[in-house]
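The chain contents come next:
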Amino acid sequence: MGLLLEPGYPTVAELESRARELTVRRPHLCALRSIGVSRAGRPLRLLSVGQARRAVLVVAGAHANEPTGGSTVLALAERVARDRELRTGVSWHFVLCADPDGASLHRAPAPRTLLDYHLGFFRPAAPEQPEWSPAVLPPDRLPPETRALLTVLDELRPYLQVTLHGTDLGGSWVQLTKNVPGLAEPFAKSAAELGIPVETSASDAAGWPASGPGVFVMPGPGHAAFPSLPDDARHSTWYHAHRYGGLTAIVEVPMWASDLVDDTAPHPAPTAALRRLSRRLLDEAGEVERILDEALPRLPGPEGPLLRAARWALELVPGLARDWVAGPPPDVSRAYVGSVDAFGRRLPLRAAAMLRRVLVDAGDPAAPLLERLVGEWSDSFADRFRARWVPVRDQVEHQMRTVLAAASHARGDGGS
């Protein structure tokens, strides 16, 4: 388990190398194979442990800027290979990285600060994200990474799919496409033992039913957390497991923790606070848009993934700003307003970070201005939320414990 002691996050090549080492050590138990290729021709690898027909599928790397999952799938594979009980009647399958092209563009393997993280930041636009593209694209335009995921789901028919996600700054939470009774207790216990706060009112899940603190169950149609967002989770790869009676759990873990995200006390003035956050979101996004509009005629074509992603993030802003002032959900807590605050800081900061990289590569004179904004906004974000680094080993341990608990409870084994 030396992986957990490393200071940063392994590259896709390192993930594949370590997965291959495991198959060499356990050739009768483990197998590594290609399940497709990315748009740029990079292989998509699936590591399997065990041969039982009943399956768990764990997906890492669906979002390029959320690197913890790669380390977690290797740690899980090692754990399952050692522990015969975990694979009794169950086979385990691990997508090492669902978006290797995106991973090649997010260049922050061992960030020391939020500024380090954002200087190498990349997160693709929704149509280019493997799990989300079916929510915004017709079936005949799905990228090959998405088609590979869907093919694996059709082949394995897992009773549980787990996708490993993360947040830059905040706490941990779980989203479920169906309820998993009993999961909330081990999830909360793990977070408490590792000193990771639980997001009790994650803005991603505003208004959703919760089976326990930080464990949210996706509702039916008409209950979007933010109505303006163009995607619909029910059309994502998360819901494909339902065709075979399965479900999906999305496990979020922070890189930097904030103890402000689990304050369940009622907010004293949520409407005024959300109006203020809406104005700040529009103002900061407007700064980035003005720089983009000025620089755009100077940029060489064709438009690349960094610029597409920056523009996509900015396009979300007006609708979100309207959503926030349309009326807060009932029983607004300080944690919910804090979660919206963090969301509102992320969008313009990410757009500025990716546009900065575009302008630096083009030698554009506006690049230093974005450098200043990214630095100021990263520092302000960290200061506002009193960011503290969560060691990689703890990020991985918490994700791994939550996956194992979800597999056990979804199967009906209780806490065994």
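Bear in mind the structure is a predicted one, so any value in this text is a computation, not a measurement. (Residues numbered from 1 in each chain as written. Predicted model: local features only at pLDDT ≥ 70, side-chain atom pairs only at ≥ 80, totals over all residues. Heavy atoms only, no water.)

Engineer: Would you mind going over helix α6 (residues 144-156) in detail, with residue names and values included?
Structural biologist: The first and last C-alpha atoms of α6 sit 18 Å apart over 13 residues, in line with the 18 Å expected at 1.5 Å per residue. Of the residues making up α6, those classed as buried are E145, T146, A148, L149, L150, V152, L153 and L156. Once α6 ends, the next one or two residues include R157, with phi positive near 45 degrees. (Helix = DSSP H or I, 4+ residues; strand = E, 2+ residues; numbered from the N terminus. Expected span 1.5 Å × (residues − 1). Buried < 20%, exposed > 50% of the residue type's maximum accessible area, 1.4 Å probe, protein only.)

Engineer: Report on the pattern of salt bridges, specifying residues and quantitative values.
Structural biologist: Counted under the stated rule, the structure contains 22 salt bridges. The shortest N-O distance in the salt bridge between R33 and E155 comes to 2.7 Å. Of the two residues, R33 sits in strand β1 (residues 30-37) while E155 sits in helix α6, which places them 122 residues apart along the sequence. For R33, a relative accessible area of 33% gives the class partly exposed. A salt bridge links R372 to E376; its shortest N-O distance comes to 3.1 Å. Of this pair, R372 and E376 both sit in helix α12 (residues 367-384), four residues apart, which is roughly one turn of the helix. (Salt bridge = Lys/Arg side-chain N within 4 Å of Asp/Glu carboxyl O.)

Engineer: Any chance you could break down the packing of aromatic side chains for me, citing the residues and the numbers?
Structural biologist: The full count for this structure, using the stated rule, is seven aromatic pairs. Each ring, one from W132 and one from W238, has its centre 5.1 Å from the other, and the planes form 65 degrees; the classification is edge-to-face. Taken as a pair, W132 in the loop between α4 (114-119) and α5 (133-136) and W238 in the loop between β8 (215-217) and β9 (247-257) lie far apart in primary sequence, 106 residues in all. Taken individually, W132 and W238 each receive the classification buried, so the pair is uniform in this respect. In this structure an aromatic cluster arises from ring pairing among Y117, F121, W256 and W389. When the ring centre of Y159 is taken as origin, the NZ or CZ atom of R54, which lies over that ring, is 4.5 Å away. (Phe/Tyr/Trp six-rings, centres within 6.5 Å; stacked < 30°, edge-to-face > 60°. Lys NZ or Arg CZ within 6 Å of the ring centre and 35° of its normal.)

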